[in-house]
Amino acid sequence: MSRTETAGAPTDDAGGDEEFDPVGTLALIAVYFAILVLAWVYIYYIEFLGRDLVVVG
Amino acid sequence: MHIHAYEKIWLALSIVLILFLLGSVTYGAVGPGVAMVADSEAQIDANALDEDDRFAEPRVEQVGENEYEAYVVAYQFGFDPSPIVVPEDSTVTLQITSRDVIHGFEVAGTNANTMAVPGEVAEVTVEVGEPQEYGIVCNEYCGAGHHGMEGKLHVVTEEEFESEDGGDSE
Amino acid sequence: MSDALEAEETFLDRYPAEAKIVRSAFLGSFLALTLGAIFGIIQTLHRTGIFRGIIDSSDYYTVLTAHGVFLVISFTVFFLVGLFTWAVVRSLDRPLVNIKITWTWYLLMAGGMTMTGISILAGFVDAIDMSADVLYTFYAPLQAHPLFYTGLAVFIVGSWLAGADWFRTWLAWREENPNERIPLQTFMVLTTMIMWYIASSAVAASVLIFLLPWSLGLIESVNPTLTRTLFWFFGHPVVYFWLMPAYLLWYTVLPSIAGGRLFSDPLARVVFVLFLLLSTPVGIHHQYLDPGIAEGFKFISMTNTMFLLLPSLLTAFTVVASVEYGARQRGGTGVFGWLRLLPWRDPAFTGMMLAGLMFAAGGFSGMVNAGMNVNYMIHNTIWVPGHFHLTVGTAVALTFMAATYWLWPQITNKPIYSSQIGLFQVVLWFIGMALMSNAMHAQGLLGVPRRTAEPEYSGFDYPVAFGGFEELNVQIAIGGTLLFLSTVLFIGNLVLTMGNPRVSGIAETLRPALSGPDDAPEVLDDLRIWVGIAVTLVVLAYALPLAAIINDGGLLGPGVGTYPVWIDAAVGTLADVAVPAAWSLVDALAFLGFRLLDAAASGVVA
């Protein structure tokens, strides 16, 4: 699978001299963050606090 | 230790998220006043519930103006009393225990939900509104007949409550 | 690095004795997976009311106990011990200290699980006075047959010896390699095992001090709140015990499969240390709705739990970045365009990525579970199994299956029978789980309870929302069926793989991290410090609640009866005769079990 490629190019990316910026990762994870916040707001503030028989004591 | 700038951003966002979640839960506690089932009641002997003045006769009792207490016993496989009948627009404190194994007490589709543990008394206070019929399920596995274990919570009008109350008392 | 050399050899070539133990562990794991899947399909059809002709509703709980114990104890932990053995030996590049010790713990674990398994399955046979229908959580005062608890204790002791075996091997390596950093995979194994020692001590204490003596009639009663609390002391960290092998694969194998490299070795170490520290002092979040535990303790547990999100969120970034690096190396461009250049045809890659995606979704329902008061809405509803089928049921299980496609050839020299079937299988799992889990979450919001043979009630109807109770049942049944088919394809593919001839030239290498261990502060490798802090945090979180529980209810409870699931009142005396008889039967069966496993293991080699 990926071995040939690996064996052929062991040094092309060996150094950390030129830093790799994971832009795509940052974008994906930002989308995830937004989904988490929205879903939480819905579940907590609308579903949960909107229900009957809230336990108050 | 070297941490990439993007990873620092994500770390900061993650901490913001965690604080937001903790903040929401705290808001729920102080704003709408959601309280947790806790250790408010002393332990009791589950083998001797008939000697306990609350659970010897499971019932609903008026304890103040518009305030009621319900003493509920969960057992294999049912709840006593069933139905639990309370008047509309009142504050109801449920004290729930088990006389045998661990059960659950969940008013289906609502936030009233607690464990019923033998030897412990769970106390939850809820405010009921309009007349309505709720189902109660045992949501903890309690033995081979677990799926048949259900109860009812009836919120009735003031008049119905008066008449039922009169009829119920033995 | 020794990577160049390793490239020529598979793990089997280099460490045949260790490869055999890894294979045996995996076979034990897949046997449990097969059983678990059979019970799973029975359960999903019964519960949803699609087909209730296979079992009676009262036997549903035997099925449920078997499904839970076989999958979350046998399947996961046997895979873990196999994977960890591979990871330690591979990353230290040295054999285990003494393979006899290794086989000893393997046989203890297999024997323990056989005992527990027999005690559960006996529940189907009315003629045998034995049952353990207490579900995976075995809450007292429901009482299982003593064999159930004995088997669990033996199994746990076996897992402790396994950890000791890996620690010894590491110590031997350290003698030979002074001043070297602990290799990442070994670091992950050691930190996970420290967590396991701390966590499992509580359940071992609960079983050995209370439950086993009680089931043998040596003590009258137990304190249900105490044994329940000790269970959850173990019961939450155990989910990280399932998850850490998946993390190990995501961090150390997935980047290489994607043609990338791990983004940051130091952060991976930080993440594992955080799990070691935070996994245990959180168990009370499973008891938010328990009477007998003060609200303050619940709040502390919630705070710890929420901070436990941190290592998982960091993992999401690091793993995705490592994969993105691979795609960029292949010429991937754009903010999202690089995603197209990933090796989606490789079942190992796609399986792990889909598992990670599901874990992200499970992360959300986990946040809800962790929120103290929002627990009123979903506690003990089917939302909760909906959640953990995303985490242990997919993030863990699908990662294990996907990793098998990559790892199995390395420990057998046999290429996978069909990569296409493998790819189809992992996608099918994802689709099945998406359907099933989503519907379970939605039913949970309607108030439908978990752990019940018949979730419909005579006295009331569920509110109509999210498609309604009945429609959601159909979704659960379809999803569960797809998951069963996916398991059949996985096992079938593997069985056919065993028939393949051995080949050479299939060795795979793991590539070093972009930011290597030298960037990590030395203190991370000082395990004694982390043990100290972890124990301190556990004491802080648990000393007061446990003291309060014992103070209030006593060690043996405030007066609680005993409710054996394994004796009908009428035949109680019979049990006195039946127990010793059953024991000898079990000994014989366990012995047979070992021989079979051993034979199966050698069969794979041959």
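Because the structure is a prediction, the values reported are computed rather than measured.

**Student:** I'm lost on the pairing of strand β7 (residues 113-116) of chain B in this one. Help?
**Tutor:** Regular strands place side chains that alternate from one sheet face to the opposite one. Residue and element names in this part refer to chain B. The two faces of β7 match: Asn-113 and Met-115 on one face and Thr-114 and Ala-116 on the other face are all buried. Here strand β6 (residues 103-107) pairs with β7 via 4 bridges, running antiparallel. The residue bridging Gly-104 from the neighbouring strand is Met-115, located in β7. Linking β6 to β7, which pair antiparallel, is a turn of 5 residues; within it Gly-109 sits at a positive phi near 80 degrees.

**Student:** I would appreciate a short explanation of a negative patch on the surface in the present structure.
**Tutor:** On the surface, a cluster of negative charge is made up of B:Asp89, B:Glu130, B:Glu158, B:Glu159, B:Glu160, B:Glu162 and B:Glu164. Within the secondary structure, B:Glu162 is located in helix α2 (residues 158-168).

**Student:** Any chance you could explain the side chain of C:Thr192 here in plain terms?
**Tutor:** Turning to its location among the elements, C:Thr192 is positioned in helix α7 (residues 184-215). Once residues within four sequence positions are removed from consideration, C:Thr192 is found in contact with C:Phe84, C:Phe241, C:Met244 and C:Phe272.

**Student:** When you look at the state of the cysteines in this model, what are you seeing that I'm missing?
**Tutor:** Cysteine pairs can be linked by a disulfide, which is a covalent bond between their two sulfur atoms. All names here are of chain B. Tallied over the full model, the rule gives 0 disulfides over all chains. Note on Cys-138: no disulfide assigned, nearest cysteine sulfur contributed by Cys-142 at a separation of 4.0 Å. Overall, the relative accessible area of 0% leaves Cys-138 in the buried class.

**Student:** Where do I start with helix α1 (residues 5-30) of chain B in this structure?
**Tutor:** Spacing of three or four residues puts side chains on the same side of an α-helix, whose turn is 3.6 residues. Taking 1.5 Å as the rise per residue, α1(B) with 26 residues should run 38 Å; its terminal C-alpha atoms sit 37 Å apart, in good agreement. By the burial criterion, the buried members of α1(B) are B:Glu7, B:Trp10, B:Ser14, B:Leu17, B:Ile18, B:Leu21, B:Leu22, B:Ser24, B:Val25 and B:Gly28. Against the buried residues of α1(B) lie α2 (23-48) of chain A together with α11 (265-278), α12 (295-307), α13 (309-329) and α14 (347-370) of chain C.

**Student:** Is there a simple way to explain unusual backbone geometry in this structure?
**Tutor:** Most peptide bonds take the trans form, and the phi angle of most residues other than glycine is negative. A cis amide bond, omega 0 degrees, links B:Asp80 with the succeeding residue B:Pro81. Among the structural elements, B:Pro81 can be located in the loop between β3 (78-80) and β4 (84-87). Cis geometry is found at the peptide bond from C:Ala140 to C:Pro141, where omega equals 5 degrees. Tracing the backbone shows C:Pro141 in the loop between α5 (99-121) and β1 (142-143). Phi angles above zero are rare outside glycine, and C:Asp93 is one such case at about 55 degrees. Structurally, the position occupied by C:Asp93 is in the loop between α4 (60-92) and α5. Even without being a glycine, C:Asn413 presents a positive backbone phi close to 65 degrees. As for its placement among the helices and strands, C:Asn413 is situated in the loop between α16 (383-412) and α17 (419-446).

**Student:** Looking at this structure, how should I read the pairing of strand β9 (residues 132-137) of chain B?
**Tutor:** All names here are of chain B. Of the pairings in the sheet, the one linking β6 to β9 comprises 2 bridges and is antiparallel in character. Its bridge partner being in β9, Val-107 is matched across the sheet by Ile-136. In this structure, β9 lies alongside strand β10 (residues 150-156), joined through 6 bridges in antiparallel fashion. Paired with Tyr-134 across the bridge in β10 is Leu-153.

**Student:** I'm lost on the UniProt feature "transmembrane region" (unreviewed entry) in chain A in this one. Help?
**Tutor:** UniProt tags residues 26-45 of chain A as "transmembrane region" (unreviewed entry). Structurally, residues 26-45 of chain A is divided into 100% helix and 0% strand, and its ends, taken at the C-alpha atoms, are 28 Å apart.

**Student:** Just to check I follow, could you spell out the interface of chain C and chain B for this structure?
**Tutor:** Quite often, the size of an interface is put as the accessible area lost when its parts meet. The interface of chain C with chain B comprises 69 residues on the first partner and 64 residues on the second. Buried surface at the junction of chain C and chain B, both sides included, amounts to about 5,700 Å², of which 66% is carbon and sulfur. At the junction of chain C and chain B, the tally comes to 1 salt bridge. Here B:Glu140 makes a salt bridge to C:Arg451, at a shortest N to O gap of 3.0 Å. For the pair chain C and chain B, the interface holds 25 residue pairs in polar contact (both at pLDDT 80 or more).

**Student:** So what exactly am I meant to see when it comes to the interface of chain B and chain A here?
**Tutor:** Each partner contributes residues to the interface: chain B has 30 residues there, and chain A has 23 residues. Buried surface at the junction of chain B and chain A, both sides included, amounts to about 2,600 Å², of which 70% is carbon and sulfur. Summed over the shared surface of chain B and chain A, the result is 0 salt bridges. The interface formed by chain B and chain A contains 13 residue pairs in polar contact (both at pLDDT 80 or more). Mapped onto the side of chain B that touches chain A, the elements with two or more residues apiece are α1, β8 (122-127) and β9 of chain B. Grouping the amino acids of the side of chain B that touches chain A by side-chain chemistry returns 18 nonpolar, 10 polar and 2 charged.

**Student:** Honestly, the side chain of C:Thr394 in this entry has me stumped. Any pointers?
**Tutor:** Residue and element names in this part refer to chain C. With respect to the helices and strands, Thr-394 occurs in helix α16. The exposure class of Thr-394 is buried, given its relative accessible area of 0%. In terms of polar contacts, Thr-394 uses its side chain to reach the backbone carbonyl oxygen of His-389, at 2.9 Å. Excluding anything up to four places from it in sequence, Thr-394 contacts Ala-355, Met-358, His-389, Thr-399, Trp-429 and Met-433.

**Student:** Help me understand a nonpolar patch on the surface in this model?
**Tutor:** Judged by side-chain polarity, A:Val23, A:Leu28, A:Val31, A:Ile35, C:Val335 and C:Phe336 come together as a nonpolar surface patch covering roughly 460 Å² of accessible area. Locating A:Ile35 in the fold gives a position in helix α2.

**Student:** Would you take a moment to explain the confidence of the model for chain C for this structure?
**Tutor:** Regions with low pLDDT should not have their predicted coordinates read in detail. Residues and elements named next belong to chain C. Scored by pLDDT, chain C has a mean of 93; 92% of the residues are at 70 or more. Note on residues 1-6: pLDDT is under 50 here. Beyond four places in sequence and across chains, it has 6 contacts. For the stretch residues 569-575, pLDDT sits under 50, and the model shows 6 contacts to residues farther than four places along the chain or on other chains. Taken together, the chains of this predicted complex give a pTM of 0.92 and an interface ipTM of 0.95.

**Student:** Just to check I follow, could you spell out helix α3 (residues 16-47) of chain C for this structure?
**Tutor:** Residue and element names in this part refer to chain C. With 32 residues, α3 should cover 46 Å at 1.5 Å per step; its first-to-last C-alpha distance of 46 Å lies within 8% of that length. Taken across its 32 residues, α3 has 25 buried, putting it largely inside the fold. Gly-49 sits one or two residues past α3 and shows a positive phi near 80 degrees.

**Student:** So what exactly am I meant to see when it comes to the sheet that holds β6(B) here?
**Tutor:** The strands that make up a sheet are held in pairs by hydrogen bonds between backbone atoms, and each pair lies either parallel or antiparallel. All names here are of chain B. If you walk across this open sheet you meet the 5 strands as β4-β10-β9-β6-β7, and the pairing is mixed. A strand with exactly one partner marks an edge of an open sheet, and here the two such strands are β4 and β7. Recorded for the sheet is a direction-independent mean angle of 20 degrees between the axes of neighbouring strands.

**Student:** Where do I start with the packing of aromatic side chains in this structure?
**Tutor:** Two descriptors summarise a pair of aromatic rings, namely the distance from one centre to the other and the angle between the planes of the rings. All names here are of chain C. In the structure shown here, the tally under the stated rule is 54 aromatic pairs over all chains. With centroids separated by 5.5 Å and ring planes inclined at 85 degrees, the aromatic side chains of Trp-103 and Tyr-106 adopt a geometry described as edge-to-face. Taken as a pair, Trp-103 and Tyr-106 lie in helix α5 at a separation of 3 residues, close to a single helical turn. Here Trp-103 matches Tyr-106 in class, with each residue buried.

Definitions and cut-offs
- Residues numbered from 1 in each chain as written.
- Chains lettered and ligands numbered in written order.
- Predicted model: local features only at pLDDT ≥ 70, side-chain atom pairs only at ≥ 80, totals over all residues.
- Heavy atoms only, no water.
- Buried < 20%, exposed > 50% of the residue type's maximum accessible area, 1.4 Å probe, protein only.
- Helix = DSSP H or I, 4+ residues; strand = E, 2+ residues; numbered from the N terminus.
- Pairing = 2+ DSSP bridges.
- Patch = residues over 30% accessible without salt bridge, like charges linked within 9 Å, V, L, I, M, F, W, Y side chains within 5 Å.
- Areas by Shrake-Rupley, 256 points an atom, 1.4 Å probe, with all protein chains shown as cover.
- Salt bridge = Lys/Arg side-chain N within 4 Å of Asp/Glu carboxyl O.
- Lys, Arg positive; Asp, Glu negative; His and termini not counted.
- Charge placed at Lys NZ, Arg CZ, Asp CG, Glu CD.
- Contact = heavy atoms within 4.5 Å.
- Disulfide = S-S within 2.5 Å.
- Expected span 1.5 Å × (residues − 1).
- UniProt positions renumbered as here; feature names shortened; annotations may be inferred.
- Buried area = accessible area lost by both parts, 1.4 Å probe.
- Polar contact = N/O pair within 3.5 Å; in protein donor to acceptor, adjacent residues only side chain to side chain.
- Nonpolar A, V, L, I, M, F, W, Y, C, P; charged D, E, K, R; others polar.
- pLDDT = per-residue confidence, 0-100.
- Axes fitted to C-alpha atoms, helices over the stretch in contact; angles between N-to-C directions.
- Phe/Tyr/Trp six-rings, centres within 6.5 Å; stacked < 30°, edge-to-face > 60°.

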